[in-house]
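Here are the chains, one letter per residue:
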Amino acid sequence: MLVLGPCSAESREQVLRTARELKEVCPNTPFIFRAGVWKPRTNPNTFQGIGEQALAWLQEVQQTYGLEVATEVATPEHVHKALQAGIDYLWIGARTSANPITVQSLCEALKANANAKAVLIKNPVNADAALWLGNIERLEQTAIPVIAIHRGCNHKPCWSMAHTVRLARPDIPMLLDPSHLSGDAEQIPALLRKIAPLHLDGAMIEIHPEPSNALSDAKQQLAPNQLRTLLEPLSNHSREVTDTELEWLRAEIDELDDQLWETLALRMDVSRRIGEWKKAHNVAPLQPQRYAEILDQRQLWATKNGMDAAFVKHLFDAIHAESLKRQE
Ligand code: PEP
Ligand code: MN
């Protein structure tokens, strides 16, 4: 399943141009056309979406290009308006997905107009697999098919959360949203290559005819012609591969190594600042008593977590030596 289109519907011309160019690039690949109409933006002084008026542009995309269309809903009123306008698919964004009361109110609205083809639910902005699963269960009250979307947290993947949801609900299709997951168009090709080995069911990708002029999410949108080569690996998607579990576990390890690396970089920077303080106060970089305390404490944590004290000493000696270099 592919969901392609701009972050936001900005003008009639932009919406129709994106749909036309996508049809030219993917003449034989079925896709659903997306555009956000009501935008949950971080800052109130930025573009907030066109609102209801843009639903007519999505209807034009349906009629002119024979495409199914999707938009984001965050209130019961959005659900009523979108479904009255004949929008085929609705998605619930990451900020809305973080609030179970809002998701429940959307479920009530969906029950009252049960004509959506499916509801797509993004993971919440916080890495909470239980909340994402709870939202899936809530949406199942509506009898409308539910599709999960992994869009990561803080511009990073949360493979452990996605893996938990996959294992708990292998029956729920899961798409990858590499655009919001990375916030960076350059990272999209590598992320799309994860779809086949992890047996994900497709992708939602933000596409804008002129990404650098986009009114929202400009850094993460691709131009339609950039999509051409990216879709090829997706067509190799094989449901027969049997080592998916290993691929998921490796994705989790890669994510944790990334966090380790990031934490180490932050730690080195604090060491550098401590070095500046020591210089200003005429204190020697090496403070044996402080290091002995650090080692004792870290070895205690490690043994509590089933790790060998000698391994932890080895590791911290290396970290400490590297930190000291920043204090010379
Ligand atoms: C979007 O899809 O445009 C969007 C706002 O996504 P998210 O909820 O993942 O931030
Ligand atoms: Mn967006």
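That block above? That's the structure.
Residues numbered from 1 in each chain as written. Chains lettered and ligands numbered in written order. Predicted model: local features only at pLDDT ≥ 70, side-chain atom pairs only at ≥ 80, totals over all residues. Heavy atoms only, no water.

## Details of the site of ligand 1
For the record, the criterion: Consider each residue's heavy atoms; a residue with any of them within 4 Å of a molecule or strand counts as near. Counting of polar contacts relies on pairs of N or O atoms within 3.5 Å, with two restrictions inside protein: one atom must be capable of donating a hydrogen and the other of accepting it, and residues adjacent in sequence are counted only when both atoms are side-chain atoms. Using a 1.4 Å probe, the Shrake-Rupley method yields the accessible areas, and only the shown protein chains count as cover for residues. Residues are grouped as follows: nonpolar covers Ala, Val, Leu, Ile, Met, Phe, Trp, Tyr, Cys and Pro; charged covers Asp, Glu, Lys and Arg; every other residue, Gly included, is treated as polar.
Close to ligand 1 lie C7, R34, K39, E72, W91, G93, A94, R95, K122, R151, H180 and E206, which account for all nearby residues. Side-chain polar atom of R34 to an oxygen atom of ligand 1: 2.7 Å apart, as the coordinates give it. A distance of 2.9 Å is found between an oxygen atom of ligand 1 and a side-chain nitrogen or oxygen belonging to K39. Relative to its free-state accessible area of 290 Å², ligand 1 is covered by the protein chains to the extent of 97%. Residue classes in the shell around ligand 1 are distributed as three nonpolar, two polar and seven charged.

## Side note on the nonpolar core
Rules: Here, nonpolar core means buried Ala, Val, Leu, Ile, Met, Phe, Trp, Tyr and Cys residues that are tied together by side-chain atoms lying within 4.5 Å of each other. Each residue is placed in one exposure class: buried if its accessible area under a 1.4 Å probe, protein chains only, is under 20% of its type's maximum, exposed if it is over 50%, and partly exposed if it falls in between.
L4, F33, W132, I205 and L227 are the most contacted members of the largest nonpolar core, which totals 73 residues. Within the second largest apolar cluster, 11 residues are counted, among which are V3, I32, Y89 and M204.

## Side note on the packing of helix α3 (residues 76-84) against helix α5 (residues 100-112)
Counted only if it meets this: Helix axes are fitted only over the stretch in contact, all axes being lines through C-alpha atoms; the angle between N-to-C directions runs from 0 to 180 degrees. Runs of H or I in DSSP of at least four residues are treated as helices and runs of E of at least two as strands, each being numbered from the N terminus. In these notes the angle categories are as follows: under 35 degrees is roughly parallel, over 145 is roughly antiparallel, 65 to 115 is roughly perpendicular, and the rest is oblique. Whether a crossing is left-handed or right-handed is set by the direction in which the near helix is turned from the far one by less than a right angle, anticlockwise for left-handed and clockwise for right-handed. Pairs of residues are marked as contacts when any of their non-hydrogen atoms sit within 4.5 Å.
Look at α3 against α5: their axes get within 8 Å of each other, and the N-to-C directions meet at 30°. For the element pair α3 / α5, the angle class is roughly parallel. Handedness of the α3/α5 crossing: right-handed. The segment α3 lies against α5, with P76, V79, H80 and L83 engaging S105, L106, A109, L110 and A112. Per-class residue counts for the contact of α3 with α5 are seven nonpolar, two polar and no charged.

## Some words on the pairing of strand β4 (residues 89-92)
One face of the sheet, then the other: side chains in a regular strand alternate in exactly this way. Where we set the bar: Each pair of strands is called paired provided DSSP finds at least two bridges between the two strands. When the strands point away from the viewer, a crossover counts as right-handed if the route from the first strand across the helix to the second turns clockwise.
Neither face of β4 is open: one carries Y89 and W91, the other L90 and I92, and all of them are buried. For strand β3 (residues 68-72) and β4, the ladder comprises three bridges, and the chain directions are parallel. In the sheet register, T71 faces β4, and the bridge partner there is L90. With α3 bridging β3 and its parallel neighbour β4, the resulting β-α-β unit is right-handed. Where β4 lies against strand β5 (residues 118-122), four bridges are found, and the strand directions are parallel.

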